[in-house]
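# Secondary and tertiary structure notes
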Amino acid sequence: MASSGEDTSNDDDVPPAAAAMAAGSHLLGFSDEILLHILSHVPSTDLVLNVRRTCRKLAALCLDKSLTHTVLLQKDYEASEDKVKQLVKEIGREIQQLDMAGCYWLSGATIEHVARCRSLVKVNLSGCHLTSLRLSKMLSALQQLRSLAIDVSPGFDAGQLSGECKATLSRVRELKQTLYTPSYGVVPCCTSLEKLLLYFEILDRTREGAVLSGQLMVGQSNVPHYQNLRVFYARLAPGYINQEVVRLYLAVLSDRTPENLHAFLISVPGSFAESGATKNLLDSMARNVALDALQLPRSWLNGSSLLQHLKFNNPFYFSFSRCALSGGHLIQRVINGGKELRSLASLNLSGCVHCLSPDSLLRKAEDDIDSSILETLVASCRNLRHLNLSAAHHHSSEGPGRHLCQLLARLHHLRSLSLPVCSVADSAPRADRAPAQPAMHAVPRGFGKKVRIGVPSSPGPFPGQAGPQPSSVFWSLLKSVPFLERLELIGSNFSSAMPRNEPAIRNSLPPCSRAQSVGDSEVAAIGQLAFLRHLTLAQLPSILTGSGLLSIGLQCQQLQSLSLANLGMMGKVVYMSALSDMLRHCTRLKDLRLEQPYFSANAQFFQALSQCSALQRLCLVSRSGTLQPEAVLAFMARCLRVVVCHMFTGESLATCKSLQQSLLRRDSRKTGLCPVRGDPWWTCFLWDPLPASAVTSRCLWWEPGCRARRCRVLEGASRPLCVGLACSSVRSMAGGSRKAGLPALCSAQRMSYACIAAQDSRRCR
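Residues numbered from 1 in each chain as written. Predicted model: local features only at pLDDT ≥ 70, side-chain atom pairs only at ≥ 80, totals over all residues. Heavy atoms only, no water.

### Observations regarding the packing of helix α10 (residues 240-255) against helix α11 (residues 276-288)
A pair of packed helices can be characterised by two numbers: the angle between their axes and the separation between those axes. Running from N to C, α10 and α11 point in directions that differ by 40°, and their axes come no closer than 8 Å. It follows that α10 is oblique to α11 by the angle criterion. As α10 packs across α11, the resulting crossing turns out to be left-handed. For the pair α10 and α11, contact is made by L250, A251, L253 and S254 and by A277, T278, N280 and L281, respectively. (Axes fitted to C-alpha atoms, helices over the stretch in contact; angles between N-to-C directions. Helix = DSSP H or I, 4+ residues; strand = E, 2+ residues; numbered from the N terminus. Parallel < 35°, antiparallel > 145°, perpendicular 65-115°, else oblique. Left-handed = near helix turned anticlockwise from the far one by under 90°. Contact = heavy atoms within 4.5 Å.)

In structure tokens:
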């Protein structure tokens, strides 16, 4: 008698035709090319340690060079230390590119096993535990290395690097260095650098309260060598110390500007005053180099004639965020009088109020743009892939073919687009024109029944909603750019209650008058974008029921990041039902950020959010909002991939503390965590201790003071998790006080940072 677990089927009873069909539909029946493509989506640890042991064919395919050439362990939380060691032991000699960014859970002893990958050409160790001695030992064995990414933490000493390590660094051509302490890091050893990416994340004070100074770098025996440099990129976090340190780097660059420099980008939040060294550097660049990519602090460009003297070769990236750039300067100095610039792929004009207007700086917000300037820009830069026109009033005038959306529709290669809400309005409101009738979503029909969101009851796509009109200019624009992956539609006067790099504003300006004509039908038009991955909607006052959100959820199946802020009337949330229906269809959503006063995070909301099985980060900012602790606990128990949960609401301090203790008790049953209390109005708990770099990349907010003083680390949990809760004191936090170490949220409304990879500008944000 066969056991209960034994397969008792008889192969002889299967018809030959059915057997042949079953054999043909088996996974191994696919060609090697298809199987390799499927296996490329499997994590490297599972591929080598599990899949390879299933059968001989997969064992051979799993060791194919196309799969072992590049190993990605970034944020692979299931990659334990034993798995990583075994992986390196199995295929270490075949690995040429290794990405371990953010693997904070791996010990330094495990990181040392990277030295066995003798064929490594490119390695990313950002966020990993590395000391000077450990880095020296590892790099001494990697003689083929050409690209390196590391963190420079307090205690780093370049004097501990061995001669073999310095020999390896002398051959490195690409370096990404994140600084957490004033230092040159390994830059002086990299004498062959062609691409230098610097991220300044230095705190103004140490954990003990001591004030840091960039003068700590003065007197170091070695200084950077930039003779062969082609790309220089620096991104600064807020704080005077970061500006002081970057000036020391630029001072070396000003002494001898590299002749082959073609990309110079500096991203600074707020103001950054010029110094004598920076002026000399800019003058030297104007005389000696021809750039392909440029991004400078706005204080360096405003009121200067720098653009008039700089030379450009084949530019592919320009960023003039918040600069006083007029339309005449844009045409004459940037795109060279309207000549064809097919090489330009990314253009950031966020906050450039006059960039689409004549030279007159007396333009008012309600004045129309000069369509001829935009037409010249579109005609010259037909290959634009990334365009940012947000944070300004761009009103189109009456007339056929003169609307901003109609002109942008000619840019068929667009992949990311950021526009102010008022710019997509069909026409200006006039006194002799009858006001638009509101959508009839909430109007009773029949026996007093209201239209239910998601239940078809009319020929239109949504009940009571006429749907996107093919005649609207915004509908036509989105139809012309079907491959758009990132879309931001943000009110011109919108300011987040908790911005990322700027002081919060208590009283924001009212929405633009033209934004009143942009409502549910325009939002529903976004559903045309089948490849959309990132969406931001902010300050749309005419949202009545949010029925357009359901259209996005049903048709934009690739959506991964969603940010909604201040939709509809500010006094109440009118789109809760539509949002809940939308979330049930967003199976690939990873990041969700909601900023809405009086938002009720109830059981209905969290039950719908639980359908987002891929969700990793949640941020809710709601002045006078409420939440249900039981719903939060049920949501966290269902969505096991969530690593960040921040909720700033109007709940009492007792409610927040009770919810935090409940979350602690739930995990402490398995891991024995000890509850640690933070500040009364803001508490951040970290499971599986995260380094500062991991917190920055994983959270939707960023603030140096929060990393240094507010975070309390708890060890020993089954998953990395950051939980932040704030009570009703969030109202006072919105007033703009920075002395209390206010944790600032990452506002998606501005694309001021550049992401440059090789010679391709993938995104300006």
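### Here's the deal with the packing of aromatic side chains
The tally for this structure, following the rule as stated, stands at 13 aromatic pairs. A connected cluster of aromatic rings, assembled from ring pairs, spans F599, F605, F606 and F635. Across the ring face of Y199, the terminal group of K176 is positioned such that the distance to the ring centre comes to 5.1 Å. (Phe/Tyr/Trp six-rings, centres within 6.5 Å; stacked < 30°, edge-to-face > 60°. Lys NZ or Arg CZ within 6 Å of the ring centre and 35° of its normal.)

### Let's talk about a positive patch on the surface
On the surface, K75, R533, R588, K590 and R641 cluster together into a positively charged patch. Tracing the backbone through its elements, the reader meets R533 in the loop between α18 (520-525) and β15 (534-540). (Patch = residues over 30% accessible without salt bridge, like charges linked within 9 Å, V, L, I, M, F, W, Y side chains within 5 Å. Areas by Shrake-Rupley, 256 points an atom, 1.4 Å probe, with all protein chains shown as cover. Salt bridge = Lys/Arg side-chain N within 4 Å of Asp/Glu carboxyl O. Lys, Arg positive; Asp, Glu negative; His and termini not counted. Charge placed at Lys NZ, Arg CZ, Asp CG, Glu CD.)

### Details of the environment of S350
Topologically, S350 is positioned in the loop between β11 (346-348) and α15 (371-380). S350 gets classed as buried once you look at its relative accessible area, which sits at 1%. Along the backbone, S350 and A392 are 42 residues apart, and their C-alpha atoms lie at a distance of 7.3 Å. With sequence-adjacent residues up to four places away left out, S350 is seen in contact with F320, S321, R322, N388, S390 and A391. (Buried < 20%, exposed > 50% of the residue type's maximum accessible area, 1.4 Å probe, protein only.)

### Concerning the pairing of strand β5 (residues 174-179)
Looking at chain direction, strand β4 (residues 147-152) and β5 are connected through six bridges and run parallel. Across the sheet, V152 pairs through a bridge with L179, a residue of β5. As a crossover connection, the stretch from β4 through helix α9 (residues 163-170) into β5 is right-handed. (Pairing = 2+ DSSP bridges. Right-handed = clockwise from strand over helix to strand, strands pointing away.)

### A few points about a nonpolar patch on the surface
Among the surface-exposed residues, L27, F30, I34 and I38 lie close enough to one another that they form a single nonpolar patch of about 330 Å² accessible area. Along the chain, I34 turns up in helix α2 (residues 32-39). Taking relative accessible area as the criterion, I34 reaches 40% and is therefore assigned partly exposed.

### Quick look at α9
Within α9, burial applies to C165, T168 and L169. Angularly, the buried residues of α9 cover 100° about the axis, an arc narrow enough to put them on a single face. Tucked inside the fold, the buried residues of α9 contact α8 (132-139) and β4. (Arc of directions from axis to C-beta.)

### Some remarks on the environment of M100
Structurally, the position occupied by M100 is in the loop between β2 (97-99) and α7 (108-111). Assessed through its relative accessible area of 2%, M100 is described here as buried. Setting aside its immediate chain neighbours within four residues, M100 contacts L73, V84, L106, I111, V114, N124, L125, S126 and C128.

### Quick look at the pattern of salt bridges
For the coordinates displayed, the defined rule picks out twelve salt bridges. D368 is the partner of R514 in a salt bridge, and the nearest nitrogen-oxygen pair spans 2.9 Å. Here R514, found in the loop between β14 (486-490) and α18, pairs with D368, found in the loop between β11 and α15; they are 146 residues apart in sequence, far enough to count as distant. A residue is classified by how much of its surface remains accessible, and R514, at 8% relative accessible area, is buried. Several salt bridges converge on common partners, so that one network encompasses R52, R53 and E90.

### Observations concerning the confidence of the model for the protein
Summarising the model, the protein shows a mean pLDDT of 78, and 74% of its residues fall at 70 or more. Element-level pLDDT for the protein is lowest in strand β27 (residues 754-757), with a mean of 26, against a maximum mean of 97 in strand β12 (residues 386-388). The model gives residues 668-720 a pLDDT under 50, and that stretch makes 162 contacts with residues more than four places away or in other chains. (pLDDT = per-residue confidence, 0-100.)

### Quick look at unusual backbone geometry
Within the chain, R322 stands out as a residue other than glycine whose phi angle is a positive 65°. Note that R322 resides in the loop between β10 (311-319) and α14 (327-334). Even without a glycine there, the phi angle at N566 is positive, about 55°. Secondary-structure assignment places N566 in strand β16 (residues 561-567). The class for N566 is buried, based on a relative accessible area of 11%.

### Focus: the packing of α8 against α9
Contact geometry of α8 with α9 gives a least axis separation of 8 Å together with a crossing angle of 70°. With respect to each other, α8 and α9 are oriented roughly perpendicular. You can see that α8 and α9 cross each other, and the crossing is left-handed. Note on element contacts: α9 touches α8 through C165, T168 and L169, opposite L135, S136 and L139. Residue composition of the contact of α8 with α9, grouped by class: four nonpolar, two polar and no charged. (Nonpolar A, V, L, I, M, F, W, Y, C, P; charged D, E, K, R; others polar.)

### Things to note about the environment of M498
By secondary structure assignment, the location of M498 is in the loop between β14 and α18. The exposure class of M498 is buried, given its relative accessible area of 2%. Along the chain, M498 and V621 lie 123 residues apart, while their C-alpha atoms are 8.1 Å from each other.

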